[in-house]
Amino acid sequence: FQHYYITNNLRMPIFHLQTNVKNVPQNFMSKISKEIATLTHKPESKVMVIVNDGVKMCFGGSDAPAALIQFHSIGMQIHDHANVSEIFANLLKDIGVSYDRHYIQFNAPQPTHVGKLGTTVAELNKPKEDILHF
């Protein structure tokens, strides 16, 4: 499938998958991680992938393979959602979740609402001259 790129300088991409599919292979997580790094133009070292497989889940009254993806990334724009949704839907086919058996929640938190290294991403991104030294 065609690659699309998210148009903003995103930070801290987090992909959280919950699925009733059991035993999702480790290489699926690696594939997702690489894809997100490509999408966001970030090094893979900044990408977090969480997979909760074997979750009790019912979608549309059926326990057939289904999934919920929560994708968080600072700076993500609404116009990015459709492209990312298509890419994730195609990747879910690898674990047997059909195109019509998942939802994706997008979240673009503010840098002040994301903690890292004992501070916030907003503080880490401040220019050096904005930081007071005593």
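Use the structure listed above.
Remember, predicted model here, so these are calculated numbers, not experimental data. (Residues numbered from 1 in each chain as written. Predicted model: local features only at pLDDT ≥ 70, side-chain atom pairs only at ≥ 80, totals over all residues. Heavy atoms only, no water.)

J.: What am I meant to see in the packing of aromatic side chains here?
T.: Each aromatic ring pair is characterised by the separation of its centres together with the angle its planes make. Scanning the model with the defined rule gives three aromatic pairs in all. Their ring planes at 75° and their centres at 5.0 Å tell us that Phe-15 and Phe-88 sit as a pair that is edge-to-face. With Phe-15 in strand E1 (residues 11-19) and Phe-88 in helix H2 (residues 81-92), the pair connects residues that are 73 residues apart, well separated along the chain. For the pair Phe-15 and Phe-88, a shared accessibility class is recorded, and that class is buried. Note on Phe-71 and Phe-88: the rings are 5.2 Å apart at their centroids and 80° apart in plane angle, and the pair reads as edge-to-face. Highlighted residues: Phe-71 in strand E3 (residues 67-74) and Phe-88 in helix H2, separated in sequence by 17 residues. A single burial state applies to Phe-71 and to Phe-88, both of which are buried. (Phe/Tyr/Trp six-rings, centres within 6.5 Å; stacked < 30°, edge-to-face > 60°. Helix = DSSP H or I, 4+ residues; strand = E, 2+ residues; numbered from the N terminus. Buried < 20%, exposed > 50% of the residue type's maximum accessible area, 1.4 Å probe, protein only.)

J.: Where do I start with the nonpolar core in this structure?
T.: Generally speaking, soluble globular proteins have nonpolar side chains that are buried together. If you look at the biggest cluster of nonpolar residues, it comprises 24 residues, and the most contacted ones within it are Phe-15, Leu-17, Ile-69, Phe-71, Phe-88, Leu-92 and Ile-95. Within the residue set of this core, elements represented by two or more residues are E1, helix H1 (26-40), strand E2 (48-52), E3 and H2. Non-local contacts of Ile-95, meaning those with residues more than four positions away in its chain, are made with Leu-17, Thr-19, Val-21, Val-24, Pro-25 and Phe-28. (Core = buried A, V, L, I, M, F, W, Y, C linked by side-chain atoms within 4.5 Å. Contact = heavy atoms within 4.5 Å.)

J.: Teacher, can you tell me more about the packing of H1 against H2 here?
T.: The description of two helices packed together rests on the angle between their axes and the distance between the axes. Look at H1 against H2: their axes get within 11 Å of each other, and the N-to-C directions meet at 165°. For the element pair H1 / H2, the angle class is roughly antiparallel. For the pair H1 and H2, the sense of crossing is right-handed. On H2, the residues touching Phe-28, Lys-31, Ile-32, Glu-35, Ile-36 and Leu-39 of H1 are Ile-87, Phe-88, Leu-91 and Leu-92. In the contact of H1 with H2, the residues fall into eight nonpolar, no polar and two charged. (Axes fitted to C-alpha atoms, helices over the stretch in contact; angles between N-to-C directions. Parallel < 35°, antiparallel > 145°, perpendicular 65-115°, else oblique. Left-handed = near helix turned anticlockwise from the far one by under 90°. Nonpolar A, V, L, I, M, F, W, Y, C, P; charged D, E, K, R; others polar.)

J.: Explain the side chain of Ser-33 here, please?
T.: Tracing the sequence through the fold places Ser-33 in helix H1. Residue Ser-33 is classed as buried on the basis of its relative accessible area of 10%. Looking at Ser-33, its side chain comes within polar contact range of the side chain of Glu-44, at 2.7 Å. (Polar contact = N/O pair within 3.5 Å; in protein donor to acceptor, adjacent residues only side chain to side chain.)

J.: Would you mind going over the pairing of strand E4 (residues 102-107) with me for this structure?
T.: Two faces make up the sheet, and in a regular strand the side chains alternate between them. For E3 and E4, the ladder comprises six bridges, and the chain directions are parallel. Each bridged residue has a counterpart across the sheet, and for Phe-71 the counterpart in E4 is Phe-106. Once you follow E3 into H2 and on to E4, the crossover reads as right-handed. (Pairing = 2+ DSSP bridges. Right-handed = clockwise from strand over helix to strand, strands pointing away.)

J.: It is not clear to me how the pattern of salt bridges should be interpreted in this structure. Could you clarify?
T.: Two side chains carrying opposite charge are able to pair once their charged atoms lie near each other. Overall, the coordinates contain two salt bridges when judged by the stated rule. Salt-bridge contacts for Asp-94 lead to Lys-31; the nearest nitrogen and oxygen are separated by 2.5 Å. Placement of Asp-94 in the loop between H2 and E4 and of Lys-31 in helix H1 is noted, with a sequence separation of 63 residues between them. Taking relative accessible area as the criterion, Asp-94 reaches 46% and is therefore assigned partly exposed. (Salt bridge = Lys/Arg side-chain N within 4 Å of Asp/Glu carboxyl O.)

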